[in-house]
Amino acid sequence: DAKTTQPPSMDCAEGRAANLPCNHSTISGNEYVYWYRQIHSQGPQYIIHGLKNNETNEMASLIITEDRKSSTLILPHATLRDTAVYYCIVRVVDTGRRALTFGSGTRLQVQP
Amino acid sequence: DGGITQSPKYLFRKEGQNVTLSCEQNLNHDAMYWYRQDPGQGLRLIYYSQIVNDFQKGDIAEGYSVSREKKESFPLTVTSAQKNPTAFYLCASSIATGEDGYTFGSGTRLTVV
């Protein structure tokens, strides 16, 4: 699976949009981009995933560039409860499911 | 409610003792996973299982053992051979194929005293 690069930390003001970038320049055509977050001392929580098109759900939006070499997770109106470590993961989805590989992620601090 | 349960939440053991961490899911997921997390670090894969009675080593399997006798259960044993067992242990499950995400448990914090 392709390697990802994320900034180690980011700050965001409460109520503003949080834009978390992820670089995956070696991504291949059959690899999906997944985002998870981990609030302190809890298990990671699935947020969203996508292949080529932009995706939106009740938690966030995922914007993938046309060349698929990078993506951005957008939390439209960040709250204090969004303070967490956010992981961007790229993996192949095939019949032989392989385990996710987690990097160090981005620590998002939402400021009041 | 469907979910994945890890127990206990906190566990203490004496050095040299084996200890087993429980992971149970009622999501009807075929695949289950064990990860270890050290302070300030990401998750590292210990073992995973895609089907009952079958499992594969992850990146840091040494000093650990697992079994998968039932679809719902994937216990992890931390043996005395694990040099630095103090960590946060996370269990996850997913369907066997396809693009759906993982469901994680709330974790077990193991401390060796």
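Since we're looking at a predicted model, the values are computed, not measured. (Residues numbered from 1 in each chain as written. Chains lettered and ligands numbered in written order. Predicted model: local features only at pLDDT ≥ 70, side-chain atom pairs only at ≥ 80, totals over all residues. Heavy atoms only, no water.)

Considerations on the state of the cysteines
Counted only if it meets this: Only a pair of cysteine sulfur atoms within 2.5 Å counts as a disulfide in this structure description. Secondary structure elements are defined from DSSP: runs of H or I of at least 4 residues count as helices, runs of E of at least 2 residues count as strands, and each element is numbered from the N terminus. For the exposure calls, accessible area comes from a 1.4 Å probe over protein chains only, and a residue counts as buried if that area is under 20% of its type's maximum, exposed if over 50%, partly exposed in between.
Tallying each qualifying case throughout the model produces 2 disulfides over all chains. The disulfide that involves Cys22 of chain A links it to Cys88 of chain A, with 2.1 Å between the sulfurs. Disulfide Cys22 of chain A-Cys88 of chain A: torsion about the S-S bond near -80°, hence left-handed. Pair noted here: Cys22 of chain A is in strand β2 (residues 18-23) and Cys88 of chain A is in strand β8 (residues 84-92), with a separation of 66 residues, a long-range link. Taken individually, Cys22 of chain A and Cys88 of chain A each receive the classification buried, so the pair is uniform in this respect. Two residues, Cys23 of chain B and Cys91 of chain B, share a disulfide whose sulfurs are 1.9 Å apart. Its torsion about the S-S bond being -75°, the disulfide of Cys23 of chain B and Cys91 of chain B is classed as left-handed. Linking Cys23 of chain B in strand β3 (residues 19-25) with Cys91 of chain B in strand β9 (residues 87-94), this pair joins segments that are 68 residues apart in sequence. For the pair formed by Cys23 of chain B and Cys91 of chain B, the shared burial category is buried. The closest cysteine sulfur to the non-disulfide-bonded Cys12 of chain A is located on Cys22 of chain A, 18 Å from its own sulfur. On the accessibility criterion, Cys12 of chain A (8% relative accessible area) is buried.

Considering the sheet that holds strand β4 (residues 45-50) of chain A
Residue and element names in this part refer to chain A. How we decide: Between any two strands, pairing holds if DSSP finds at least two bridges. The convention used is that axes are lines fitted to C-alpha atoms, helices contributing only their stretch in contact, and that angles between N-to-C directions extend from 0 to 180 degrees.
If you trace the 5 strands from one edge of the open sheet to the other, you get β1-β9-β8-β3-β4, paired in mixed fashion. The open sheet terminates on both sides in strands that have one partner only, identified here as β1 (9-13) and β4. Taking the axes of each pair of neighbouring strands and ignoring which way they run, one obtains an average angle of 25° across the sheet. Judged from the 8 bridges that link them, strand β3 (residues 31-38) and β8 form a sheet pairing that is antiparallel. Of the residues in β8, the one forming a bridge with Val33 is Val90.

Section: the environment of Ile64 of chain A
Residues and elements named next belong to chain A. To be explicit about the condition: Only heavy atoms matter for contacts: two residues are in contact if any of them lie within 4.5 Å across the pair.
Looking at the element boundaries, Ile64 is found in strand β6 (residues 61-64). The class for Ile64 is buried, based on a relative accessible area of 6%. Placed 33 residues apart in sequence, Ile64 and Glu31 show a C-alpha to C-alpha distance of 12 Å. Excluding its chain neighbours within four sequence positions, the residues that come into contact with Ile64 are Gly50, Leu51, Lys52, Asn53, Asn54, Ser70 and Ser71.

Notes on the interface of chain B and chain A
Definition in use: Using a 1.4 Å probe, buried area is obtained as the accessible area two parts lose upon being combined, added over both of them. Salt bridges, as used here, are contacts in which a Lys or Arg side-chain nitrogen is within 4 Å of a carboxyl oxygen on Asp or Glu. Counting of polar contacts relies on pairs of N or O atoms within 3.5 Å, with two restrictions inside protein: one atom must be capable of donating a hydrogen and the other of accepting it, and residues adjacent in sequence are counted only when both atoms are side-chain atoms.
Listed by partner, the interface residues are 25 residues for chain B and 23 residues for chain A. Together chain B and chain A conceal approximately 1,800 Å² of surface at their shared face, both sides included; 49% is due to carbon and sulfur atoms. Considering only the side of chain B, the residues that lose the most area to chain A are Leu43, Glu99 and Tyr102 of chain B, jointly responsible for 32% of the buried surface there. At the boundary of chain B with chain A, the tally comes to 0 salt bridges. Taken together, chain B and chain A are joined by 6 residue pairs in polar contact (both at pLDDT 80 or more).

So, to be careful, I would describe these as geometric facts and stop short of saying anything about function.
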